[in-house]
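Observations on the model geometry
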Amino acid sequence: MPDTVADAFALDPRFALGTIHREQWANLALLLTDEAVDDLAVAVRTFVTAGSSGVVGIFADNLLWAALVITSDESGGAASVSTMDYPAAEADGDMTKAAVEAVNWVRTHHGPCSLGFFVRKEHLHALLLASDKARAIRSASAVGGLVLSPIPPALAIALA
């Protein structure tokens with residue numbers, strides 16, 4: 001993985017860095033290989049609505065282990081990349097409840113949130129390795145390892 005957030009998330013050369021929580025960034029660095037970063041960039045361009053944010057939350061041992069917030073500008077380019085501040089990221093227990101709290105935090109701090117993608121770490125590993133990403137997402141959802149809320153129409157159509 002590249003050494004800096006700027007290198008890793010060069011979704012658009014104009015984006016700004018938001019608040020980066022070191023522990024969350026270290027956790028993300030364990031997962032995000034160069035290929036995974038490329039996949040994330042495509043997903044952001046495809047599924048995060050212009051002028052809004054997307055949040056990816058990763059759960060391990062019933063805790064929100066890491067959360068990444070990417071905000072898109074009005075033209076659809078990435079405006080900022082950040083992690084969630086603690087204690088917002090300390091939501092634990094029920095993944096659905098924690099997802100709602102995380103999306104509310106994003107809305108409070110970044111404005112509209114068009115994508116909430118919350119996944120258990122083991123399912124994220126499977127997704128990152130899968131050649132058929134939609135199938136991996138459906139599989140994680142089928143066993144309760146994924147919460148998609150809010151879900152943009154383009155993603156709902158892609159998963160149908």
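Preceding this section is the structure that the text describes.
So, a few notes on the structure that sits alongside this text. (Residues numbered from 1 in each chain as written. Predicted model: local features only at pLDDT ≥ 70, side-chain atom pairs only at ≥ 80, totals over all residues. Heavy atoms only, no water.)

When you go through the protein residue by residue, the secondary structure sums to seven helices and six strands. The secondary structure elements of the protein, listed N-terminal to C-terminal, are α-β-α-α-β-β-β-α-β-α-α-β-α. By the burial criterion, 46% of the 160 residues in the protein qualify as buried. In the protein, of all internal contacts separated by at least 6 residues, the share reaching a separation of at least 24 is 63%. For the protein, the accessible area works out to roughly 7,900 Å², and carbon and sulfur atoms hold 55% of it. (Helix = DSSP H or I, 4+ residues; strand = E, 2+ residues; numbered from the N terminus. Buried < 20%, exposed > 50% of the residue type's maximum accessible area, 1.4 Å probe, protein only. Contact = heavy atoms within 4.5 Å. Areas by Shrake-Rupley, 256 points an atom, 1.4 Å probe, with all protein chains shown as cover.)

So, about the packing of aromatic side chains. Here the distance between the centres and the angle between the planes together describe a pair of aromatic rings. By the definition in use, this model includes zero aromatic pairs. The lysine or arginine in question, lysine 121, covers the ring of tryptophan 65, its NZ or CZ lying 4.3 Å from the ring centre. (Phe/Tyr/Trp six-rings, centres within 6.5 Å; stacked < 30°, edge-to-face > 60°. Lys NZ or Arg CZ within 6 Å of the ring centre and 35° of its normal.)

It is worth spelling out the pairing of strand S2 (residues 53–60) at this point. Of all eight residues making up S2, seven are buried, and the element is well covered by its neighbours. The pairing of S2 with strand S3 (residues 63–72) spans eight bridges and is classified as antiparallel. Within S3, the position partnered with valine 56 by the bridge is leucine 68. Connecting S2 to the next strand, S3, in antiparallel fashion are two residues, including aspartate 61 with a positive phi near 50°. Relative to strand S5 (residues 113–120), S2 is paired through seven bridges, and the arrangement is parallel. Each bridged residue has a counterpart across the sheet, and for valine 55 the counterpart in S5 is glycine 116. (Pairing = 2+ DSSP bridges.)

Approximately 580 Å³ is the volume found for the largest pocket. Together, 28 residues line the largest pocket, and Asp39, Leu40, Ala43, Phe117 and Leu127 are the ones closest to its centre. The set of elements that each furnish at least two residues to the lining of the largest pocket consists of helix H3 (34–47), S2, S3, S5, helix H5 (121–129), helix H6 (133–142) and helix H7 (153–159). If you tally residues by element for the lining of the largest pocket, the top one is H3, at eight residues. Residue composition of the lining of the largest pocket, grouped by class: 24 nonpolar, two polar and two charged. (1 Å grid on protein atoms, 1.4 Å probe; cavity = no way out; pocket = protein on both sides within 12 Å on 5 of 7 lines; lining within 4 Å. Points joined across faces, edges and corners; volume = space filled by probe spheres on them. Nonpolar A, V, L, I, M, F, W, Y, C, P; charged D, E, K, R; others polar.)

Let us look at the environment of isoleucine 137. Here isoleucine 137 is to be found in helix H6. Residue classification places isoleucine 137 among the buried positions, given a relative accessible area of 11%. Counting along the chain gives 13 residues from isoleucine 137 to leucine 124, while the straight-line C-alpha distance between them is 8.7 Å. Ignoring sequence-local partners within four residues, the contact set of isoleucine 137 consists of Phe117, Leu127, Leu146, Leu148 and Leu159.

Another point: the side chain of serine 52. Assignment of secondary structure puts serine 52 in the loop between H3 and S2. In terms of polar contacts, serine 52 uses its side chain to reach the side chain of serine 114, at 2.7 Å. Those residues within four positions of serine 52 in sequence are excluded, and the remaining contacts are Ile70, Thr71, Ser72, Pro112 and Ser114. (Polar contact = N/O pair within 3.5 Å; in protein donor to acceptor, adjacent residues only side chain to side chain.)

Any functional reading would require information that these geometric values do not contain.
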